Amino acid sequence: MGSAGAATSTGCCPHVAGRVLAVHVAYVGSPPAGTTDVTLEDEADPAVEKIVNLENAATDVKIYPRRVLETNDGTDLTYDGTRKVYGCYVVHGRLKATIAGANSGDSATVTVWLGV
């Protein structure tokens, strides 16, 4: 809730587990592209990594979010010491989508494809 260009709303899904394969964000209403942010995160993730972080955007989009994979000591996994290896986000909890910097009455529908 809030005034033009300053409204915020959050929604959560039921508990899910798996790999995030793709995410589609469909904006509803007329959110201002210059201030609207959409984020998606796993509420159970203690590191609070953002799976999706769209800033100053209001155009519908389908993305395939990936993160750098790590070895068991936390260092980035690479193919040859320089080229990083990417993989899907693994989630185990409720996914939380937030739209911020929008107008009152604007929203975003976030669809997530999960794999096992």
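Going by the structure above, here's the rest.
Attention here is on the structure that accompanies the text. These numbers come from a predicted model, not from an experiment. (Residues numbered from 1 in each chain as written. Predicted model: local features only at pLDDT ≥ 70, side-chain atom pairs only at ≥ 80, totals over all residues. Heavy atoms only, no water.)

### Brief notes about the overall build of the chain
Definition in use: Where helices and strands are cited, they refer to DSSP runs of H or I of at least four residues and of E of at least two residues respectively, numbered from the N terminus. The buried label goes to any residue with under 20% of its type's maximum accessible area, the exposed label to any with over 50%, and the partly exposed label to all in between, with areas taken from a 1.4 Å probe on protein chains only. For this analysis, residues touch if any pair of their heavy atoms sits within 4.5 Å. Each accessible area is a Shrake-Rupley result for a 1.4 Å probe, and residues are judged covered by the shown protein chains and nothing else. When charges are counted, Lys and Arg are positive and Asp and Glu negative, with His and the chain ends excluded. Charge coordinates come from a single atom per side chain, which is NZ of Lys, CZ of Arg, CG of Asp or CD of Glu.
Within the chain, the regular secondary structure consists of zero helices and ten strands. Listed N to C, the secondary structure of the chain is β-β-β-β-β-β-β-β-β-β in terms of helices and strands. Expressed as lengths along the three principal axes of its C-alpha atoms, the size of the chain is roughly 50 × 30 × 20 Å. For the chain, the residues scored as buried account for 32% of the 116 residues in total. A separation threshold of at least 6 residues defines the contact pool for the chain, and within that pool the share at least 24 residues apart is 71%. Working note: accessible area of the chain is about 6700 Å², and carbon and sulfur atoms make up 53% of it. Counting 9 positive and 13 negative side-chain charges, the chain places the centres of these two groups 5 Å from one another.

### Here we look at the sheet that holds strand 9 (residues 95–102)
Strands pair in a sheet through their backbones, by hydrogen bonds, and they do so in one of two ways: parallel or antiparallel. For the record, the criterion: Paired strands, as defined in this entry, are two strands with at least two bridges between them according to DSSP. Interaxial angle, 0 to 180 degrees, is taken between N-to-C directions of lines fitted to C-alpha atoms, where a helix line uses only the stretch in contact.
Reading across the sheet, the four strands line up as 1-9-3-4 and stay open at both edges, with antiparallel pairing between neighbours. In the strand order of this sheet, the two ends are held by strand 1 (7–12) and strand 4 (50–54), each with one partner. Strand-to-strand, the axes of this sheet are offset by a mean angle of 10°, without reference to chain direction. As paired strands, strand 1 and strand 9 are joined by five bridges and run antiparallel to one another. Its bridge partner being in strand 9, Ser-9 is matched across the sheet by Ile-99.

### Observations regarding the environment of Tyr-79
Here Tyr-79 shows up in the loop between strand 6 (67–68) and strand 7 (86–87). For the pair Tyr-79 and Asp-42, spaced 37 residues apart in sequence, the C-alpha to C-alpha distance is 28 Å. Other than its neighbours up to four places away in sequence, Tyr-79 contacts Lys-84 and Val-85.

### Observations concerning the nonpolar core
The test is simple: Put simply, buried Ala, Val, Leu, Ile, Met, Phe, Trp, Tyr and Cys residues joined by side-chain atoms within 4.5 Å make one nonpolar core.
Residues Leu-40 and Ile-51 are the most contacted members of the largest nonpolar core, which totals 16 residues. For this core, the secondary-structure elements that each account for two or more residues are strand 2 (16–28), strand 3 (37–42), strand 4, strand 8 (89–93) and strand 9. Contact partners of Leu-40, with chain neighbours within four places excluded, come to Val-23, Glu-49, Lys-50, Ile-51, Val-52, Leu-95, Lys-96, Ala-97, Val-110 and Val-112.

### Here's the deal with the packing of aromatic side chains
Two aromatic rings are characterised by how far apart their centres lie and by the angle between their planes. Note the cut-off: Put simply, two rings from Phe, Tyr or Trp (the six-membered ring, in Trp's case) pair if the centres are within 6.5 Å, and we call them stacked under 30 degrees between planes, edge-to-face over 60, tilted for the rest. Two thresholds decide whether a charge sits over a ring: the Lys NZ or Arg CZ must be within 6 Å of the ring centre and within 35 degrees of the ring normal.
This model, assessed by the stated rule, comprises zero aromatic pairs. Geometry around Trp-113 places Lys-62 over its ring, the cationic atom sitting 4.2 Å from the centre.

### Some remarks on the layout of surface pockets
Rules: As defined here, a cavity is a set of points on a 1 Å grid over the protein atoms alone where a 1.4 Å probe fits but cannot get out. A pocket is an open set with protein on both sides within 12 Å along at least five of seven lines, and residues line them when an atom is within 4 Å of a point. Grid points are joined across faces, edges and corners, and a volume is the space filled by probe spheres set on the points. Each residue receives one of three labels: charged for Asp, Glu, Lys and Arg, nonpolar for Ala, Val, Leu, Ile, Met, Phe, Trp, Tyr, Cys and Pro, and polar for the others, Gly being one of them.
Estimates place the volume of the largest pocket at around 250 Å³. Lining the largest pocket we find 16 residues, and of these Gly-11, Cys-12, Leu-40, Ala-97 and Val-110 sit closest to its centre. Residues of the lining of the largest pocket, tallied by class, amount to eleven nonpolar, five polar and no charged.

### Brief notes about the pattern of salt bridges
Going by this rule: Any Lys or Arg side-chain nitrogen located within 4 Å of an Asp or Glu carboxyl oxygen qualifies as a salt bridge.
Counted by the stated rule, this structure contains seven salt bridges. Arg-94 is the salt-bridge partner of Glu-43, the closest N and O atoms lying 2.7 Å from each other. Of this pair, Glu-43 sits in the loop between strand 3 and strand 4 while Arg-94 sits in the loop between strand 8 and strand 9, and the two are 51 residues apart along the sequence. Here Glu-49 makes a salt bridge to Arg-67, at a shortest N to O gap of 3.1 Å.

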